[in-house]
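# Fold and contact review
These are the residues of each chain, in order.
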Amino acid sequence: MNHKRIPRIGIGGPVGSGKTMLIEQFVPLLSQKGYKTAIISNDVVSKIDADRMRKNLASERGLLPESLVIGLATGGCPHTAVREDPSMNISVVEEIEAKHNTDLDLIIIESGGDNITTTFSPALADYFIYIIDVSSGDKYPRKRGLGIENCDLLVINKIDIAPYIGADLKVMENDAKVVRKNKPYVFVNCKTGQGVQEVAEHIIKDVLFEEPPKTVINKTA
Amino acid sequence: MNIKNLDLTIDEISMLQLGDSFFPTGMYTTSSGLEALFYNKRIKSKEQISEFISVCLKYQLGPADCTALSNSHKAAQSSDLKTIIEIDDLLFSMKLVKEIREASTRSGTQLLNCVLSFINETPTSENIYNKDNNSSKSVISSYFDAIKSKDAHGVYPIALGLASNVLNITRERACMLLLYGFTVSIVGAALRLGMFPHFEGQQIIHSLKPVILEVIKKNIDRAHSKMWQFSPGIDILQISHERMDSKMFIT
Ligand SMILES: Nc1nc2c(ncn2[C@@H]2O[C@H](COP(=O)(O)OP(=O)(O)OP(=O)(O)O)[C@@H](O)[C@H]2O)c(=O)[nH]1
Ligand SMILES: [Mg+2]
């Protein structure tokens, strides 16, 4: 059996910053290009997010099988579950890999909402997206934090409400540039999908290395 | 102090390593139904939590998990993979709640994965998935292969038995690790549910030390054919917890 690691994206960010919605937005874009995904959602106190994604993406739109949207409880330790002891997540990923290594292109792991020091264990995720939103003002990303500084892609969400908060996107952009040196960041509105195409492009380029979807490769092989 | 007279061995440090709640097995994600008891308001006092853990130890973990661990540790010493797989299957079938079964096999698999990564036989995608070249493998690697090929489940107590064996941790001590680790994980869950302050947690652990010893004594020499577990009240509770909509813990 040719067992190849399926690329994995970790998505972290503060509670309610839009992790689930971002997934709901970019999975259809990847799906349009033929990429097949699986989603593991680490919820802190419920399985609401997993249930919502299963309904929206799997049951209603058929973009992935219902069984590939999996909710995981983290015992109240969302950061531990993706960083110092990702055992449960890794087990679930390996179970998925064993079943789907010929057709699945990407595994997405949503961390439970947490504080700004979250990072993903490299043993769990190959690519780390950190998502913040403008609702706590424009002081982030200047305040830094491991997630904001070290992630592979910083997503700044909810730009539609910036005027109501008095958050200056220009300030956030300049700070993001300084704090992240040359690493990329994207402004998005997950309600409308604005900017999400760019997130999908980063994933295709930096995670999937522009390889065609596995189902396409296998068909022509 | 004269280093030469130091009465300590590497094996004892290994025991601390496996017994540490920092060791990555994901055990902090389970409460064994305590969360359901908490939300149903059926457990309030420190004494009741202590009683809950004690019942789990005496009627679930002792005669099932502890006996399974002990026998798999023994079987590992004679590289008897067949018996190990038999015990693994037996114990798996005794875990009546799906999410507890799953959590146990996930913890077990990751425990093996981790231990194999530092005892020289580092698993790589080649040697895990390539079944040739099996001859010179240690029993712990063969068991890991059996899990990957779905010929074994990889429940936690068996994994701990094999890991302890390979790290020269005695059977008695391995049983202690199992029961102590369980106790700590439930107390940890209770603390995160805000059931009592941190000192009380340590008081509970302290008060359960004699129970842990007694349970080991009763079950360590039991044959695996005589394994049992009987705590229907807790089973029902764990099943109802599995179905709770809003929860912090897997079970
Ligand atoms: N106005 C506005 N609201 C948004 C946007 N993105 C998400 N939201 C809202 O923000 C709320 C939280 O979004 P989620 O996607 O659930 O956030 P999350 O990070 O997954 O939350 P947790 O997993 O609970 O930490 C929801 O009510 C969304 O409708 C956005 O771009 N603009
Ligand atoms: Mg979410």
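Here's a quick rundown of the structure.

Rules used throughout
Throughout this description, residue numbers start from 1 for each chain and increase along the sequence as written. Written order decides the labels, with chains lettered from A and ligands numbered from 1. Given that this is a predicted model, residues contribute local features only at a pLDDT of at least 70 and side-chain atom pairs are listed and counted only at 80 or more, while totals for whole chains, interfaces and linings are drawn from all residues. As a convention, hydrogens and water are excluded, and side-chain values are obtained from all of the structure's heavy atoms. What counts as a helix is a DSSP run of H or I of at least four residues, what counts as a strand is a run of E of at least two, and both are numbered from the N terminus. Here the radius of gyration uses the C-alpha set of atoms, whereas the globule reference equals 2.2 Å times the residue count to the power 0.38. Note on classification: 1.4 Å probe, protein chains only; a residue is buried when its accessible area is under 20% of the maximum for its type, exposed when over 50%, partly exposed between these limits. In what follows, a contact means two residues having at least one pair of non-hydrogen atoms within 4.5 Å. A donor here means any N, O or S atom no more than 2.8 Å from the metal (3.2 Å for Na, K and Ca); water is not included, so a site may seem to lack partners. Side-chain atoms within 4.5 Å link the members of a nonpolar core, which is a set of buried Ala, Val, Leu, Ile, Met, Phe, Trp, Tyr and Cys residues. Think of a patch as exposed residues, more than 30% relative accessible area, with no salt bridge, where like charges cluster within 9 Å and nonpolar side chains (Val, Leu, Ile, Met, Phe, Trp, Tyr) cluster within 5 Å. All accessibility values rest on the Shrake-Rupley procedure with a 1.4 Å probe; residue burial counts only the protein chains present in the view. Each reported salt bridge corresponds to a side-chain nitrogen of Lys or Arg within 4 Å of a carboxyl oxygen of Asp or Glu. In this text, near means that some heavy atom of the residue lies within 4 Å of the molecule or strand in question. What qualifies as a polar contact is a pair of N or O atoms within 3.5 Å, subject to a donor-acceptor requirement within protein and to the restriction that residues adjacent in sequence count only when both atoms come from side chains. The classification used treats Ala, Val, Leu, Ile, Met, Phe, Trp, Tyr, Cys and Pro as nonpolar, Asp, Glu, Lys and Arg as charged, and all other residues, Gly among them, as polar.

Attention now goes to the overall build of chain B. From N to C terminus, chain B includes 11 helices and 0 strands. From first element to last, N terminus to C terminus, chain B shows the α and β order α-α-α-α-α-α-α-α-α-α-α. Its C-alpha atoms give chain B a radius of gyration of 18 Å, within 12% of the compact-globule value 18 Å for 251 residues. With respect to the principal axes defined by its C-alpha atoms, chain B has extents near 55 × 50 × 35 Å. Each of the 251 residues in chain B was classed as buried or not, and the buried ones make up 53%. Excluding contacts between residues fewer than 6 apart, the proportion of contacts in chain B whose partners are at least 24 apart in sequence is 78%.

A few words now on the coordination of the magnesium ion (ligand 2). Under perfect tetrahedral coordination by four donors, a metal shows angles of 109.5 degrees; under perfect octahedral coordination by six donors, it shows angles of 90 or 180 degrees. Binding of the magnesium ion (ligand 2) to the protein goes through T20 of chain A (OG1), D49 of chain A (OD) and E110 of chain A (OE), at separations of 1.9 to 2.1 Å. A relative accessible area of 3% means that E110 of chain A is categorised as buried.

Judged by nonpolar contacts, the single largest core of 71 residues is most densely connected at L18, F52, I53, L57, L111, I158 and L179 of chain B. Take this core: its biggest share by element is 12 residues, from helix α3 (residues 46–77) of chain B. Discounting residues that sit within four places of it in the chain, F52 of chain B has contacts with S31, S32, G33, L34, L37, I43, I186, I234 and L237 of chain B. In terms of nonpolar packing, the next biggest core, distinct from the first, is built from 69 residues, I132, Y185, V186 and V199 of chain A among them.

This next bit is on a nonpolar patch on the surface. Residue and element names in this part refer to chain B. Where nonpolar side chains cluster on the molecular surface, the patch consists of Y59, W228 and F230 and spans about 340 Å² of accessible area. Of note, F230 is situated in the loop between α10 (198–219) and α11 (232–242). Exposure remark for F230: the relative accessible area of 60% places this residue in the exposed category.

Below, the discussion takes up the site of ligand 1. Residue and element names in this part refer to chain A. Within the structure, ligand 1 sits among 18 residues, and K19, T20, D49, D160 and C190 are positioned closest to it. K19 is positioned with one of its side-chain polar atoms (N or O) 2.8 Å from an oxygen atom of ligand 1. Interatomic distance of 2.8 Å between a side-chain N/O atom of D160 and a nitrogen atom of ligand 1. Calculation on ligand 1 without its partners gives an accessible area of 650 Å², and the protein chains cover 78% of this total. Elements supplying a minimum of two residues to the shell around ligand 1: α1 (19–32) and α2 (48–59). The biggest single contributor to the shell around ligand 1 is α1, with 3 residues. Looking at the shell around ligand 1, its residues break down into 4 nonpolar, 7 polar and 7 charged.

The next subject is the pattern of salt bridges. A pair can form between side chains of opposite charge whenever their charged atoms are brought close. Enumeration according to the criterion identifies 20 salt bridges over all chains in this entry. Of the charged contacts in the structure, one is a salt bridge between R8 of chain A and E97 of chain A, with a shortest N-O distance of 3.5 Å. Here E97 of chain A lies in helix α4 (residues 87–100) and R8 of chain A lies in strand β1 (residues 8–12), a separation of 89 residues in the sequence. Residue K247 of chain B pairs with E99 of chain B through a salt bridge whose shortest N-O separation is 3.0 Å. On the criterion of sequence distance, the pair formed by K247 of chain B in the segment after α11 and E99 of chain B in helix α5 (residues 98–118) is long-range, its members being 148 residues apart. Accessibility expressed as a relative area gives 21% for E99 of chain B, which makes it partly exposed. What you see here is one network of salt bridges that share partners, running through E95 of chain A together with K98, E102 and R106 of chain B.

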